[in-house]
Amino acid sequence: MKLRLRSPALWTASGVAAVALLVAVTLSRGAGVLPGSPANAAQVSAPVPDMSERWQGTVDYAAFDARIQRMMRDPGLVGLSVATVEDGKLTFVQGYGFADRENGLPVTPETLFRWASVSKGVAGTLAYTLAEQGKLSLSAPLASFGTSLRLAGGAEAQLAVPDLLSHRLGLTRNAYDGRLESGDPAPLLRNMLSTVPLQCMPGDCHSYQNVAYDAFSEIVSSATKMTYADAVQQQLFVPLGMDSAGLGMAHLAQAGNWARPYRRGQVQTLSDSYFRVPAAAGVSSNIVDLARWMMAQMGAAPDVVSPSVRAETQRPRVATYRGGRSGPDSLIISHGYGQGWRSHIYDGHWLVGHGGAVNGYRAAMWFDPERRSGIVMLWNSSSTRPFRLPYEFFDALYGRPFSDWIDIDKDPLFGVQPAADPVASDIALTTAD
C-alpha cells in the first residue's frame, strides 16, 4: 500500500490508529490470499527458483545476485541464504558462502539456520490462532495462566497476552538476557522480574524482552496441555508444509545440513541459551520454509493463518523508535510493534517484518502485505551488513533509483561495480532485535 506520508519517525496515537485501521481493512478483505487450496499448495509443488533460469519477477535478479556476491567479500560474512517473493510467488532462492567453512560445506537452499527473534511472529500468530479456535483467552490476566512471570506491583494480574506480545510490560529493555546467556533457568529469571526497575508504567510503552516474552510458551502449555513446540508444529508448521522448521537445539544440531555459528570469523560453540526461550527465539529452518512462513503472513494459506489473525497480529499496537534522519532512514517513518511483528512506512509503503540476532546467527524478514512481496534472509555470522539488503530489493520492486545502501561501491574490498548493475536499493538501517 502506497501511503504518501512525511512526518517524524515516531508513531502518534492517531497515526497508529489510522494505519492499524487501514491494515485491518486491507487484510479483512483477504488481500494477498492466493486462490486454491490452503498451505501454499501451488508453491510446494512448483520448482524452487534456486538457479538463474528459474528466477522470475520484476526485479533484475541477475543484478541482485551480483550485488550479493560482492557483498559476500565482507570478511565478517561466512554464509548467507536469501529468498524473495513477488506477488505471492517464490521468485528467487540462493545460498552463498559456507554453512561450515572448516569442512568446506556450502550454503544451499536446504541449509538450516536459526531464526532468532524472527521466531516472535510465530508466537503472535499462534496466540491469535488459538484464540480464534476458542482455546486461549486474550483478555484474561497473565496471572491466570499460572506462569512463572512476576512483575513489579503484581502487574501480571492487570496485563494480558496482547501486552506481553507487544513488549508492553514496563520492564527495562532486554531484562535478564545476560543471565539467561550465563545459564540461569528462564522460569527462575521470570520469577525475579518483579525486582527489575520499570522503564514506564506497565502497558504504557514498548520495551523489548526475551526472558519475559517467553512466558507465552508457558501460557500455551497451560491452554493446550501440550508443549509450545508441539503446538507450533500442530497448528502452524505442519499445515503449512514447513518440513524443515522446528524448535529447540536438537532440531538444529541433529539436522544433516545446518549452518555452524561464526563470530569475528571464528566458529562458535552452539549455545542453548535462547533455545530455552522458544517463544522468543527458538525456531530454525531452511530459507524456503522461512519464505513459506512469510507467504502465509501475506495470505497464501488463509485456512491456516486467517485474514483476521494476520490483521490483529500485524497491526501496530505501540510506538517504537528506530533509526535516524540520514540515508535510507530519511525514507522511513512510523515505527510500530504489533504481536511479534514490527512495521514501518518506507517511502510511502507499509512494511511488516522482524529481525533477529543470537550468537553466530542473524535473520531478517520484511514484506509488503499489499504487494504480497518480500524478502527473507538467514546468515551464520554477526555481520549487520545484510540487514540493509532488503531495501535494495524493495527499491528494485518499487522502481526507485539505485542507492548503495549496503555500502560496497566505494570500498575497494568489494571490487568494481559492474557497468550493468541497476538494482534499485534503499536499505533502511534496520538492525537485529
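Quick caveat: nothing in here was measured; it's all calculated off a predicted structure. (Residues numbered from 1 in each chain as written. Predicted model: local features only at pLDDT ≥ 70, side-chain atom pairs only at ≥ 80, totals over all residues. Heavy atoms only, no water.)

Draft legend 1. Spotlight on the state of the cysteines. Counting across every chain of the model gives one disulfide. One disulfide in the model links C200 with C205; its S-S distance is 2.0 Å. Across the S-S bond linking C200 and C205, the dihedral sits near -90°, which makes this disulfide left-handed. Across the pair, C205 and C200 agree in class, each one buried. (Disulfide = S-S within 2.5 Å. Buried < 20%, exposed > 50% of the residue type's maximum accessible area, 1.4 Å probe, protein only.)

Draft legend 2. Layout of the packing of aromatic side chains. Scanning the model with the defined rule gives 16 aromatic pairs in all. Ring centres 6.2 Å apart and planes at 80° place the aromatic pair F216 and Y228 in the edge-to-face group. Here F216, found in helix 8 (residues 215-224), pairs with Y228, found in helix 9 (residues 228-237); they are twelve residues apart in sequence, far enough to count as distant. Neither F216 nor Y228 differs from the other in exposure class; each is buried. Looking at R114, its charged tip hangs above the ring of F275, at a distance of 3.6 Å from the centre. The ring of Y213 carries K120 above its face, with NZ or CZ at 5.5 Å from the centroid. (Phe/Tyr/Trp six-rings, centres within 6.5 Å; stacked < 30°, edge-to-face > 60°. Helix = DSSP H or I, 4+ residues; strand = E, 2+ residues; numbered from the N terminus. Lys NZ or Arg CZ within 6 Å of the ring centre and 35° of its normal.)

Draft legend 3. Quick peek at helix 12 (residues 287-297). Across the eleven residues that make up helix 12, a large majority, eleven, are buried. Within helix 12, the full set of buried residues consists of I287, V288, D289, L290, A291, R292, W293, M294, M295, A296 and Q297. If you check the start of helix 12, you find a side-chain oxygen 3.2 Å away from the backbone N of V288, and it comes from N286. Within two residues after helix 12, G299 carries a phi angle of roughly 105°, on the positive side. (Polar contact = N/O pair within 3.5 Å; in protein donor to acceptor, adjacent residues only side chain to side chain.)

Draft legend 4. Layout of the pairing of strand 13 (residues 361-368). Of all eight residues in strand 13, eight are buried, a share of seventy percent or more. Burial of the side chains of strand 13 extends over both faces: Y361, A363, M365 and F367 are buried on one face and R362, A364, W366 and D368 on the other. Connecting strand 12 (residues 349-358) to the antiparallel partner strand 13 that follows it, the hairpin turn spans two residues, and G360 within it adopts a positive phi of roughly 85°. Across seven bridges, the pairing between strand 13 and strand 14 (residues 373-379) is antiparallel. Bridge pairing links W366 to I375 in strand 14. In sequence, strand 13 turns back onto strand 14 through a hairpin of four residues, with R372 there showing a positive phi of about 50°. (Pairing = 2+ DSSP bridges.)

Draft legend 5. Representation of the sheet that holds strand 9 (residues 318-319) in the model. The strand order across the open sheet formed by nine strands is 3-2-1-14-13-12-11-10-9, and the pairing between neighbours is antiparallel. Only two strands of the sheet have a single partner each, and these edge strands are strand 3 (105-106) and strand 9.

Draft legend 6. Main features of the pattern of salt bridges. Using the criterion set out here, one finds 18 salt bridges in the structure. The shortest N-O distance in the salt bridge between R260 and D100 comes to 3.7 Å. Remark: D100 occurs in strand 2 (residues 89-100) and R260 occurs in the loop between helix 10 (249-253) and strand 6 (262-263); sequence separation between them is 160 residues. Notably, a salt bridge pairs E312 with R315, separated by 3.4 Å at the nearest N-O pair. One salt-bridge network, in which partners are shared between bridges, spans R67, R70, E392, D404 and D409. (Salt bridge = Lys/Arg side-chain N within 4 Å of Asp/Glu carboxyl O.)

Draft legend 7. Looking closely at the sheet that holds strand 4 (residues 113-114). With respect to topology, three strands assemble into an open sheet ordered 4-8-5, the strand pairing being antiparallel. Edge strands, defined here as strands with exactly one partner in the open sheet, are strand 4 and strand 5 (246-247).

Draft legend 8. Fine view of the layout of surface pockets. Volume-wise, the largest pocket comes out at about 360 Å³. Tallied by class, the residues present in the lining of the largest pocket amount to six nonpolar, eight polar and six charged. (1 Å grid on protein atoms, 1.4 Å probe; cavity = no way out; pocket = protein on both sides within 12 Å on 5 of 7 lines; lining within 4 Å. Points joined across faces, edges and corners; volume = space filled by probe spheres on them. Nonpolar A, V, L, I, M, F, W, Y, C, P; charged D, E, K, R; others polar.)

Draft legend 9. Structural view of the nonpolar core. Counting 90 residues, the largest nonpolar core has W115, F216, Y228, F237 and W293 as its most contacted members. When residues of this core are assigned to their parent elements, the largest contribution, eight residues, is made by helix 12. Excluding residues within four positions of it along the chain, W115 makes contact with V122, F237, M242, V283, S284, S285, L290, W293, G356, A363 and L378. Counting residues in each nonpolar core, the second largest holds 32 residues, with Y96, A364, F387 and L397 among its members. (Core = buried A, V, L, I, M, F, W, Y, C linked by side-chain atoms within 4.5 Å. Contact = heavy atoms within 4.5 Å.)

Draft legend 10. Structural detail: unusual backbone geometry. We note that H167 has phi near 60°; this positive angle belongs to a residue other than glycine. Positive phi, normally seen in glycine, also occurs at N174, with a value near 55°. Structurally, the position occupied by N174 is in the loop between helix 5 (161-165) and helix 6 (177-181). Given a relative accessible area of 23%, N174 falls into the partly exposed group.

On their own, these measurements won't tell you what the molecule is for.
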